[in-house]
Amino acid sequence: MKIAYIKPRFLNEKRVGLLPQHLYHCSREDERRFERDYGKSLGISDEAYGEGAGYSRESLFAWADVIYCIKVPQPQDYQYFRQNQTLVGWIHPFGASGRHFREHCAEPKNIQLFDVTNRISTRVTQRQIETLNIPRDITHKNSVIAGYASMMQATVLRGGITQNDRVAVFGGGNVAYGVLKFLASQGIDPLLRRRSTIDLVQQEFQDYDIFINTVEISQGDAPIVTLEMLDLMRSTGWIIDAAADTGRAIQGTRATKIEDPIYQDEQGHTFYVVDNSPSLLYRESSEAVSEGYAKNFWFKPMSYWYSDFCIAP
């Protein structure tokens, strides 16, 4: 199979999805080509990727069976996808970030999607979803970075966090660990809340100065924070969605970007919902993503991922 590695078009997205030092993990059965300046953000030359580097973006779309992009492609790339191609990456085809691509490009062109994530990885053909035999936490360091980086940027924008602020962190996974690492560095001891204490969150919410979400919920699940809860929150309150579960975990939220990371509602609440915050620490994140994909996905040839052998029992 012919696999093309292209750069994401997200503003301020500087992560590199596959680093030269991890190429040796990748299956030799497939041919790999890289977009020109693929590793430029990290100071990596095309020569470091060997003879397969330095290609134009358009030529790669025309050549490849499989496109890999660390983030879901943006609309300006839709025209380049061919019928029956394959896309690999963080696609989230049924979430806020990937739904537009799925509906306006993947489904019309019958593009098969491999959504390889830190949670449950799936193969999506039209609307048929199959769970891949890939372990969880393949890029857990990136999730930790997401929590840490989100708090780092949001705290600066807020002007800091003090010991008098009532801070609550919802969740207990990798993103939460990153959030807690940052808060510990600031000497902040937050309230720790989980799904088992959701009733307590509802009771306390009006007293929070900062509420930090670190989990994603499934499509159709009840939100963790409802519009009614937000109505009760003090007007100076901050909502930081480190998981960037846009519009779901916290009802009514919209995604924000690194260059424009916060917004306020009519009541004065401030929201931070940056959907690629690890790119703030793109060197560390690139290392985690590249190693995770190389050792858990690219180590197998694409023929394996197209087969039934890759489907989890």
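Residues numbered from 1 in each chain as written. Predicted model: local features only at pLDDT ≥ 70, side-chain atom pairs only at ≥ 80, totals over all residues. Heavy atoms only, no water.

**Examining the sheet that holds strand 8 (residues 167-170)**
Which entries qualify depends on this criterion: One bridge is not enough; two strands pair if DSSP finds at least two bridges between them. Starting at the N terminus, helices and strands are each numbered in turn, a helix being any DSSP run of H or I of at least four residues and a strand any DSSP run of E of at least two. Axis lines are fitted through C-alpha atoms, for helices just across the contact stretch, and the angle between N-to-C directions can take any value from 0 to 180 degrees. By the convention used here, residues are in contact when the closest approach between their heavy atoms is within 4.5 Å.
As summarised here, the arrangement of the six strands in space is 9-8-10-11-13-12, forming an open sheet in which the pairing is mixed. One side of each edge strand has no neighbouring strand; the edge strands of this open sheet are strand 9 (191-193) and strand 12 (262-264). Neighbour-to-neighbour, the strand axes of the sheet open up by a mean angle of 20°, direction not taken into account. In terms of strand pairing, strand 10 (residues 210-213) meets strand 11 (residues 238-241) through four bridges, oriented parallel. Within the sheet, the bridge partner assigned to phenylalanine 211 lies in strand 11 and is isoleucine 239. Lying over the sheet, helix 3 (residues 140-158) contacts strand 10, strand 11, strand 12 and strand 13 (270-272), oriented at roughly 155° with respect to strand 11. Contacting strand 8, strand 9 and strand 10, helix 4 (residues 174-185) runs over the sheet at an angle of about 155° to strand 8.

**Comments concerning the side chain of serine 285**
Here is the rule we go by: Each residue is placed in one exposure class: buried if its accessible area under a 1.4 Å probe, protein chains only, is under 20% of its type's maximum, exposed if it is over 50%, and partly exposed if it falls in between.
Note on placement: serine 285 falls in helix 7 (residues 282-296). Judged by its relative accessible area of 0%, serine 285 is buried. Ignoring any residue separated from it by four or fewer positions in sequence, one finds serine 285 in contact with Arg15, Asn142, Ile145 and Pro278.

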